[in-house]
There are 2 protein chains.
Amino acid sequence: MSKPEIRIAIDCMGGDIGLPVTVPAAHQFAKQNPDTRLLLAGNAAAIEAALKGLADLGRQWYEILPASEVVTMDDSVEIALRRKKDSSMRVAAQAVKDGRADACVSAGNTGAWMAISRYVLKTLDGIDRPAIATSIPNQKGGATTMLDLGANVDCTAEHLLQFAIMGSALASTVDRHERPTIGLLNIGEEVIKGNEVVKQAAELLRSSGLNFYGNVEGDDICKGTVDVVVCDGFVGNVVLKSIEGLAKMVAAMMRAEFTRDALSMAAGVLAKPVLDRFRDRVDNRRYNGAALLGLRGIVIKSHGSADAYAFGYALQRARDAVRKGLLEGTASAIDRLRQSLQAAAVQSAELANDVSDPAP
Amino acid sequence: MSKPEIRIAIDCMGGDIGLPVTVPAAHQFAKQNPDTRLLLAGNAAAIEAALKGLADLGRQWYEILPASEVVTMDDSVEIALRRKKDSSMRVAAQAVKDGRADACVSAGNTGAWMAISRYVLKTLDGIDRPAIATSIPNQKGGATTMLDLGANVDCTAEHLLQFAIMGSALASTVDRHERPTIGLLNIGEEVIKGNEVVKQAAELLRSSGLNFYGNVEGDDICKGTVDVVVCDGFVGNVVLKSIEGLAKMVAAMMRAEFTRDALSMAAGVLAKPVLDRFRDRVDNRRYNGAALLGLRGIVIKSHGSADAYAFGYALQRARDAVRKGLLEGTASAIDRLRQSLQAAAVQSAELANDVSDPAP
């Protein structure tokens, strides 16, 4: 029996560029992954046009899911959700809901994508709020999973615990870390160590049965001190964008120095293979594809400015999540936590009985 | 008449290394800045020993302020403040309080340094909470001032407004930015734009009379979109350490690629002048020296791991702050804000009168 096909629905209209990125990326991805079938959501005529000229893959690698509307990068959640009910985003998420696709991917407006996929797919039992998680390359040569990156601004300690469960499930299934270590992002040696929510979350994490490492600081993300870094969406979003900003600045400064004068340019030519290797290692396109966790379906968000190369990585992340059982992994992680909490409750009840009942 | 001398008190015992860093750095600094006199706080015999062998500068460039105790990097604020009343930190801050020094510098434990300098010097009128500010190099070739970096974890909108006033005063006096632009660190296009405190702070900033640019995102720090980025101490601390972590990773990867094999090493030798220039530009030692703002005295915090070169920059920052009138600048910025708030109150009262009193 052949392996079951993996079906990924793609919002072909989303992102800063849209079709000229999504369709060629889908084609290239299908070529490299013959076990995949792609459901292309969007304006059918425009998709057909974008498909023209792409090489025949010798199989029916795609199917078009017609959608008459497009959520723009500036549309509010309200508009995206209530006024554009036949958007390519909505159609892609609906394909997962209907069991026609195993995962869906969009490079569109993050807020809209989160709202639509949450509305269509609903959250998993035991999860109040979905979270956005991504991988950040670290000094150990691996990647650190970080969440939440902006879905939730004001979080309680319980929310941070839920993020830890989802992040742990992502790292153990997709990245194959056995019992991933979890770090809680906090501040270090400064005046006051952490706010109240973080302190409470640390308490919850200590008794959660997860592999809780303890508090980590900002520099631990790139050091790779832990497999998963948990924080609220405000902090995560600001941190992610700050390090992206620094990476861009470093790249720009490097370019500037190697093109400053003839001698520097000559040095640049000679050092090119080394600089290329360096660039490959820090190329964040290879880490494109954030996971919207906590939903009853696999939902991936590509960077809005992704090119076809980067978008391919987001598709790869969707395929990996399906193949490696992210959904089942998350559900069973939630179950395990529940059991360990129940066991703890039973134990403390028994303890209370032991104390109150005098020994015979 | 000769220019008045600038007197800087130095906690010579503080930091990861202490005397072998602080004393040679002080000597080198005094050599380069003949208008400076340094007050070396710490164990007198140990300071004398560290001074041995340093070249004579042909003037009395230093004075020793004996202190019998040392605040360690692990000491709690409680211990530093209540149990070590004759620490080199305390003696350095006291020198400013007594008018014997114009500024004080320590590379010791941040929490302790903040608590001691606050206890000894008190806060300026109109400032509830001091804040920690530093400069981060940006793509425009300048530096972005960012605060708070960890002194205050749970902040109100009013606190953020006070940080903006202090940051604006720092940028206008020390960095000579005329009417510095202020950005409020927030999250972008994601689901929910900012938490309640940030939204309220934006309102306050809009009517503050400061040059408020609006919200900025994490990547704007290195882009140099605004002169001053304001955030709470939790976010600021995590962001600063995250970008420090990425910078270290990039440097390590670069080293690894240029030493991978004989060919790469040869390329590294040829590209050395370019790589050195690049390294100089991103060398964060040149940005050492965070300012503890909002106190009745100039207080600078050096990185704990600073070497003598980096510690010299912290001393430079202290000298600049004195010479360029940071304290007076901050006090008058607070006054200006008060006046503009009063004017606004008068205006709205008049407006209320106009409305309630029917026209004659």
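Residues numbered from 1 in each chain as written. Chains lettered and ligands numbered in written order. Predicted model: local features only at pLDDT ≥ 70, side-chain atom pairs only at ≥ 80, totals over all residues. Heavy atoms only, no water.

Caption draft 1: Representation of the pairing of strand 2 (residues 36-42) of chain A. All names here are of chain A. Buried residues dominate strand 2, accounting for 7 of its 7 residues. Residues Thr36, Leu38, Leu40 and Gly42 point to one face of strand 2 and Arg37, Leu39 and Ala41 to the other, with burial holding for every one of them. Of the pairings in the sheet, the one linking strand 1 (residues 6-11) to strand 2 comprises 6 bridges and is parallel in character. Opposite Arg7, over in strand 2, you have Arg37 as the bridge partner. The parallel pair strand 1 and strand 2 is bridged by helix 1 (residues 19-32), and the resulting crossover is right-handed. Pairing analysis gives 5 bridges linking strand 2 to strand 3 (residues 62-66), with the strands arranged parallel. (Buried < 20%, exposed > 50% of the residue type's maximum accessible area, 1.4 Å probe, protein only. Helix = DSSP H or I, 4+ residues; strand = E, 2+ residues; numbered from the N terminus. Pairing = 2+ DSSP bridges. Right-handed = clockwise from strand over helix to strand, strands pointing away.)

Caption draft 2: Highlighting the interface of chain A and chain B. Taken together, the contact pairs 62 residues of chain A with 62 residues of chain B. Note on chain A versus chain B: buried area summed over both sides is about 5,600 Å², and carbon and sulfur give 69% of it. A per-residue breakdown of the area chain A buries against chain B is headed by Phe234(A), Lys241(A) and Met253(A), which together make up 11% of the total. Counting across the chain A and chain B interface gives 4 salt bridges. Looking at the side of chain A that touches chain B, the elements with two or more residues in it are helix 5 (110-121), helix 7 (196-206), helix 8 (220-223), helix 9 (233-258), helix 10 (262-270) and helix 11 (272-282) of chain A. A total of 21 residues in the side of chain A that touches chain B trace back to one element, the largest contributor, which is helix 9 of chain A. Class assignment for the residues of the side of chain A that touches chain B results in 33 nonpolar, 16 polar and 13 charged. (Contact = heavy atoms within 4.5 Å. Buried area = accessible area lost by both parts, 1.4 Å probe. Salt bridge = Lys/Arg side-chain N within 4 Å of Asp/Glu carboxyl O. Nonpolar A, V, L, I, M, F, W, Y, C, P; charged D, E, K, R; others polar.)

Caption draft 3: Examining the state of the cysteines more closely. Residue and element names in this part refer to chain A. Tallied over the entire structure, the rule returns 0 disulfides over all chains. Of the cysteine sulfurs around Cys155, a residue in no disulfide, the closest is that of Cys231, at 8.7 Å. Owing to a relative accessible area of 10%, Cys155 belongs among the buried residues under this scheme. (Disulfide = S-S within 2.5 Å.)

Caption draft 4: Up close: the pattern of salt bridges. Per the stated rule, a full pass over the model turns up 30 salt bridges over all chains. Asp102(A) serves as the salt-bridge partner of Arg7(A), at 2.8 Å between the closest nitrogen and oxygen. On the criterion of sequence distance, the pair formed by Arg7(A) in strand 1 and Asp102(A) in the loop between helix 4 (88-97) and strand 4 (103-106) is long-range, its members being 95 residues apart. Ionic pairing is found between Arg37(B) and Glu63(B), a salt bridge with its closest N-O pair at 3.1 Å. Here Arg37(B) is found in strand 2 (residues 36-42), whereas its partner Glu63(B) is found in strand 3 (residues 62-66), with 26 residues between them in sequence. Under the relative-accessibility criterion, Glu63(B) is labelled partly exposed at 26%. Among the ionic contacts, a cluster of salt bridges with common partners joins Arg37(A), Glu63(A) and Arg100(A).

Caption draft 5: Representation of the sheet that holds strand 7 (residues 181-185) of chain B in the model. Residue and element names in this part refer to chain B. Pairing within the open sheet is mixed, and its 11 strands lie in the order 3-2-1-4-11-10-5-6-9-7-8. The open sheet is flanked by strand 3 and strand 8 (211-216), the only strands paired with a single partner. Each adjacent strand pair in this sheet contributes to an overall mean axis angle of 25°, direction not counted. Pairing of strand 7 with strand 8 involves 5 bridges; the strand directions are parallel. The partner of Leu185 across the bridge, within strand 8, is Val216. Against the sheet, helix 1 (residues 19-32) makes contact with strand 1 (6-11) and strand 2, and its axis sits at roughly 170° relative to strand 2, the strand it touches most. In this fold helix 4 (residues 88-97) packs onto strand 1, strand 2, strand 3 and strand 4 (103-106), with an angle of close to 160° to the strand it touches most, strand 1. (Axes fitted to C-alpha atoms, helices over the stretch in contact; angles between N-to-C directions.)

Caption draft 6: Focus on the relation of the copies chain A and chain B. Mapping chain A onto chain B leaves a residual RMSD of 0.0 Å; the transformation is a rotation of 180° accompanied by 0.0 Å of translation along its axis. Those values place the two copies in the arrangement expected of a two-fold rotation axis. Most of the interface of chain A is mirrored in chain B: 100% of its interface residues are interface residues there too. (Least-squares fit on C-alpha atoms with pLDDT ≥ 70 in both.)

Caption draft 7: Here's a closer look at the packing of helix 1 of chain B against helix 12 (residues 308-323) of chain B. Residues and elements named next belong to chain B. Between helix 1 and helix 12, the least distance of the axes is 8 Å, while the angle of their chain directions is 55°. In this view, helix 1 runs oblique relative to helix 12, as classed from their interaxial angle. Considering only the axes of helix 1 and helix 12, their crossing is right-handed. Within the contact between the two elements, helix 1 uses Val21, Thr22, Ala25, Ala26 and Phe29 and helix 12 uses Ala308, Phe311, Gly312, Leu315, Gln316 and Arg319. Counted by class, the contact of helix 1 with helix 12 contains 7 nonpolar, 3 polar and 1 charged residues. (Parallel < 35°, antiparallel > 145°, perpendicular 65-115°, else oblique. Left-handed = near helix turned anticlockwise from the far one by under 90°.)

Caption draft 8: Representation of the side chain of Asn152(B) within the structure. Residues and elements named next belong to chain B. Within the secondary structure layout, Asn152 lies in the loop between strand 6 (143-147) and helix 6 (157-173). Polar contacts involving the side chain of Asn152 include one to the main-chain carbonyl oxygen of Pro130, which spans 2.9 Å. In this view, Asn152 contacts Arg129, Pro130, Ala131, Phe163, Asp232, Gly233 and Phe234; residues no more than four positions away in its chain are not counted. (Polar contact = N/O pair within 3.5 Å; in protein donor to acceptor, adjacent residues only side chain to side chain.)

Caption draft 9: Unusual backbone geometry, seen in detail. Of note, the bond from Leu147(A) into Asp148(A) is cis; its omega dihedral lies within 30 degrees of zero at 0°. Mapped onto the elements of the fold, Asp148(A) is located in the loop between strand 6 (143-147) and helix 6 (157-173). Backbone geometry places Arg176(A), a non-glycine residue, at a positive phi of 55°. Summarising the element assignment, Arg176(A) is placed in the loop between helix 6 and strand 7 (181-185). Overall, the relative accessible area of 54% leaves Arg176(A) in the exposed class. The phi dihedral of Arg179(B) falls on the positive side, at around 40°, and the residue is not glycine. Counting through the fold element by element, Arg179(B) comes out in the loop between helix 6 and strand 7. With relative accessibility at 52%, the residue Arg179(B) sits in the exposed group.

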